[in-house]
Amino acid sequence: MKNKKIATLLFFLILFCSYSLSPKVPLTSCSNIPTDSIALVLSEMYGLDQGVRDSSLHQFKKKADVRAFLFSVDSINFQRAIEIIKKYGWIDGKVLGETYLHKESINASLLAIFLHNPRRLNRHLRQMLISEVKKGRLSSSTCMLILDKYYVVCEHRTIFNTAFKNWLKNPYVKKEDKWLSDSLMNELGLPLLPNYIIK
């Protein structure tokens, strides 16, 4: 059993090295998305993101070198995701067409990467996501989920009252944050939170 877990870890280490050292798909055209190439990149990113979090590797995550490896995978994936969004906007199966419409590795790739990297979401990147909503490329609910995880993990407060609030000692939107919640809800085109859930 131990050998199987080590083999799994080695597999993802080799996959990560080959991915990080291989030539990247050039992201140069804003009007013509290289559909198959972007689909391949998203699938690779999703595979790495999920693979390093496989339950069979859980016991290894306490080791410093394994944590460093996970951090490196997340760093590369996050930078690649930002590069894709800056060139093409938020990409999912609807953008890439019928062939990729129901592919988990395409539809969940960017979402998983952003949810696993809340501490990397600076103000500029949070605004970029809101801009993607306004352009119709990212759903309001997906953006709300990503942003609320940022607020919960990094600022220890919930702004959107998502399920991430349950990670907090006080799992509700505070009165002093109502103005921010209302402002962001308006920007995302969502109904304001009702007053009874704000404490």
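Bear in mind the structure is a predicted one, so any value in this text is a computation, not a measurement.

Rules behind the numbers
Residues numbered from 1 in each chain as written. Predicted model: local features only at pLDDT ≥ 70, side-chain atom pairs only at ≥ 80, totals over all residues. Heavy atoms only, no water. Core = buried A, V, L, I, M, F, W, Y, C linked by side-chain atoms within 4.5 Å. Buried < 20%, exposed > 50% of the residue type's maximum accessible area, 1.4 Å probe, protein only. Helix = DSSP H or I, 4+ residues; strand = E, 2+ residues; numbered from the N terminus. Contact = heavy atoms within 4.5 Å. Lys, Arg positive; Asp, Glu negative; His and termini not counted. Salt bridge = Lys/Arg side-chain N within 4 Å of Asp/Glu carboxyl O. Expected span 1.5 Å × (residues − 1). Polar contact = N/O pair within 3.5 Å; in protein donor to acceptor, adjacent residues only side chain to side chain. Phe/Tyr/Trp six-rings, centres within 6.5 Å; stacked < 30°, edge-to-face > 60°. Lys NZ or Arg CZ within 6 Å of the ring centre and 35° of its normal.

So what exactly am I meant to see when it comes to the nonpolar core here?
Nonpolar side chains in soluble globular proteins tend to end up buried together. Phe114 and Phe160 are the most contacted members of the largest nonpolar core, which has 46 residues in total. Looking at this core, the elements with two or more residues in it are helix H2 (35-51), helix H3 (64-88), helix H6 (109-115), helix H7 (123-134), helix H8 (140-155) and helix H9 (178-188). The element contributing the most residues to this core is H8, with 7 residues. With sequence-adjacent residues up to four places away left out, Phe114 is seen in contact with Phe78, Ala81, Ile82, Ile85, Trp90, Leu121, Leu129 and Ile146.

Can you walk me through unusual backbone geometry in this structure?
The phi angle of most residues is negative, glycine excepted, and most peptide bonds adopt the trans form. Residues other than glycine seldom take positive phi values, yet His156 does so here, at roughly 55 degrees. In this structure His156 comes out as exposed when scored by relative accessible area, which is 56%. Positioned with a positive phi, Asn161 is a non-glycine residue whose angle comes to about 65 degrees. Note that Asn161 resides in the loop between H8 and H9.

Please clarify how the side chain of Asp148 should be interpreted in this entry.
Position of Asp148 among the secondary structure elements: in helix H8. One buried charged residue, Asp148, remains without a salt bridge, the closest side chain of opposite sign being Arg157 at 8.3 Å. Among all residues touching Asp148, those that are not within four sequence positions of it are Thr158, Ile159, Phe160, Asn161 and Thr162.

Would you mind showing me how to read H8 here?
Since the α-helix packs 3.6 residues into each turn, any two residues three or four apart lie on the same face. Between its first and last C-alpha atoms H8 spans 21 Å; for 16 residues at 1.5 Å apiece the expected length is 22 Å, and the two agree. Where burial is concerned, most of H8 is hidden: 12 out of the 16 residues are buried. Those residues of H8 that are buried lie in contact with H6, H7 and H9. Residue His156 follows H8 closely and has a positive phi angle near 55 degrees.

Please explain the pattern of salt bridges as it appears in this structure.
Pairing between side chains of opposite charge can happen when their charged atoms approach one another. Following the criterion strictly, the structure yields 9 salt bridges and no others. When the shortest N-O distance is used, the salt bridge between Asp177 and Arg157 registers 2.5 Å. With a gap of 20 residues between them, Asp177 in the loop between H8 and H9 and Arg157 in the loop between H8 and H9 connect regions that are remote in the sequence. Via salt bridges that share partners, Asp49, Arg53 and Asp74 belong to a single interconnected network.

Which parts of the structure should I look at to understand the side chain of Asp92?
The residue Asp92 is located in the loop between H3 and helix H4 (93-96) in this model. Residue Asp92 is classed as buried on the basis of its relative accessible area of 11%. There is a polar contact of 3.1 Å between the side chain of Asp92 and the backbone nitrogen of Lys94. Aside from chain neighbours lying at most four places away, what touches Asp92 is Ile106 and Asn107.

What exactly am I supposed to notice about the packing of aromatic side chains here?
Remark: the centre distance and the inter-plane angle together describe each pair of aromatic rings, the angle taken between the planes. Enumeration over the complete set of coordinates arrives at 4 aromatic pairs. Where Trp90 meets Phe114, the ring centres are 5.6 Å apart and the plane angle is 45 degrees; that geometry is what we call tilted. Residue Trp90 is located in the loop between H3 and H4, and its partner Phe114 is located in helix H6; the two are separated by 24 residues in the primary sequence. As far as the burial class goes, Trp90 and Phe114 line up, both buried. It is Arg120 that lies over the ring of Phe71; its NZ or CZ is 4.7 Å from the centre.

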